[in-house]
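# Fold and geometry: a report
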Amino acid sequence: MTRSTISRRAVVHAGLAASAALVAGCATTAAKPRVVVLGGGWGGLGAARTLARSGKVEVTLVEANDAFMSCPLSAHYIAGLQPATDFQRNYAAIDAMGIRRVRERASAIDRSGSAVVTPGGRLPYDFLVLSPGIEYMEEAVSGYAEARAQLPVGFRAFEQSAVRAQVERFLANGGSFVISVPKPPYRCPPAPYERACLIAEQVRRRGVKGKVIVVDTNPNPMPPPTAKPLVAAMRSYAAELEYLPSTDLSAVDIGRRRLTTTMGDVPFTEANLVLPMRAPALIRQAGLGERWAAIKLPSFVSQADEKIYVIGDAQGTPLPKSGHVAFGTGVQVGHDIVRRVSGEAAPAASGPVSLPPGLCWASASHDKAIMISVGATVAPGEAPKMSFQIDPEANTASSQGATAWGRTMWKNMLG
Ligand SMILES: Cc1cc2nc3c(=O)[nH]c(=O)nc-3n(C[C@H](O)[C@H](O)[C@H](O)COP(=O)(O)OP(=O)(O)OC[C@H]3O[C@@H](n4cnc5c(N)ncnc54)[C@H](O)[C@@H]3O)c2cc1C
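I will try to describe carefully the structure that is included in this document. (Residues numbered from 1 in each chain as written. Predicted model: local features only at pLDDT ≥ 70, side-chain atom pairs only at ≥ 80, totals over all residues. Heavy atoms only, no water.)

This brings us to the packing of aromatic side chains. Tallied over the full model, the rule gives six aromatic pairs. In textbook terms, an aromatic cluster arises when at least three aromatic residues are bridged by ring pairs, as seen for Trp42, Phe68, Trp361 and Trp405. In this arrangement the basic side chain of Lys321 is found over the ring face of Trp292, its NZ or CZ atom lying 4.0 Å from the centre. (Phe/Tyr/Trp six-rings, centres within 6.5 Å; stacked < 30°, edge-to-face > 60°. Lys NZ or Arg CZ within 6 Å of the ring centre and 35° of its normal.)

This part takes up the sheet that holds strand S12 (residues 210-216). Pairing between sheet strands relies on hydrogen bonds along the backbone, with the strands arranged either parallel or antiparallel. Spatially, four strands are ordered S13-S12-S11-S17 in an open sheet, and the strand pairing comes out parallel. Two strands close off the open sheet at either side, each with one partner strand: strand S13 (241-244) and strand S17 (270-273). Going across the sheet, the axis of each strand differs from the next one's by a mean of 15°, ignoring polarity. With seven bridges connecting them, strand S11 (residues 175-181) and S12 associate as parallel partners. Bridge pairing in S12 links Val178 to Ile213. (Pairing = 2+ DSSP bridges. Helix = DSSP H or I, 4+ residues; strand = E, 2+ residues; numbered from the N terminus. Axes fitted to C-alpha atoms, helices over the stretch in contact; angles between N-to-C directions.)

Let's shift gears to the environment of Glu270. Its place among the elements puts Glu270 in strand S17. A residue is classified by how much of its surface remains accessible, and Glu270, at 6% relative accessible area, is buried. Separated by 2.9 Å, the side chains of Glu270 and Arg169 make a polar contact. (Buried < 20%, exposed > 50% of the residue type's maximum accessible area, 1.4 Å probe, protein only. Polar contact = N/O pair within 3.5 Å; in protein donor to acceptor, adjacent residues only side chain to side chain.)

As a further point, take the side chain of Glu194. If you trace the backbone, Glu194 turns up in helix H7 (residues 191-206). The charged side chain of Glu194 is buried without a salt bridge, its nearest counter-charge being Arg195 at 6.7 Å. Beyond its immediate chain neighbours, meaning those up to four positions away, Glu194 contacts Ala75, Trp361, Ala362 and Ser363. (Lys, Arg positive; Asp, Glu negative; His and termini not counted. Salt bridge = Lys/Arg side-chain N within 4 Å of Asp/Glu carboxyl O. Contact = heavy atoms within 4.5 Å.)

Written as structure tokens, this is what we have:
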């Protein structure tokens, strides 16, 4: 359905003016503006908490899971080095903040009716923050859909346990453990190499007769500024890990346990195929973008709808698909919504403005990691500019830094 931008803007502005009047004028009797946050992961929690703290809006968090599990740092669980509980938290702190938590999977966004649709009903909103993460592009690898149950990707919360089971089988029986890497953009580009290194470390420690094989579509580890330390990390497992760059994966034959690649067939005992990714289907179905949601910077407001913000990995700017960025962006859009319902003008931007920074960790072993720090700015009408600061090699200080960072972030989100 096409709708006139002008009339939609007019409606939005009228609605915002009304919201502002409610807050400024008859705040004691009027209902607060309603904000629905879809996704209780890194981005959604940043937004929900900021909004709830303001006391100026009613916040509903729609999250399909009843608890949180971190993808960052969970490679240590996958490799059998730490329990899953180290990376899990419950939502008690969110409930205690007065945030209404709806434990359901949203099926659609009804933009004309300003409501999120769930199996239990409709959740009306004045503003909507979408942070639903990613979905896998299964059609990119022929034969994957039929093999899905045996080939978990493990790049979303709670999927890690299925990959851990694969790793345990491999470490017990040996053979080859193949990890494939897609072309960016995908969630946390260094993560597949980190996973490979931590499994290779276990192959060495336990004397397993087996090898980890990384089938990488890219010519070098991603993102490009991390290539040197990540190649060095993989080379440190010369006997346990084989790196195949510039190798495209097209098909998997689960019966014969073979991958079809541009470098020939690659047999596997276990395979962790990291598929290409895109924003979840409800973003496309709501007309908010194609592969990723189209948003405006620096606001993260949808290009198609002034009432909707899209943050985290589902948004389509070149910013890193990182939890640190997602959380920081959630905080930023939370403040922006509070500003809008309060009727305050947007700050005037004359030059470049800073965007939420990123911080990623790629472990090369259980006690050595590479820190990847990303700064970003955007000038009006231009693409964002990024600057990287990366450890020249894996080191123990960054491994300790990663652990401390994780604890701090999870406390900020759910403490
Ligand atoms: C192995 C690995 C290592 C990583 N390491 C780092 C790191 O070191 N540093 C870093 O900053 N980032 C890292 N990341 C990236 C980080 O995990 C993501 O960038 C971050 O999770 C993105 O946040 P998000 O809010 O977009 O999505 P998520 O955190 O995935 O949250 C999305 C939430 O939405 C819910 N949801 C989705 N659809 C629906 C629906 N229809 N209805 C209801 N609920 C729904 C999901 O259940 C989920 O809880 C790593 C990722 C991986 C996989």
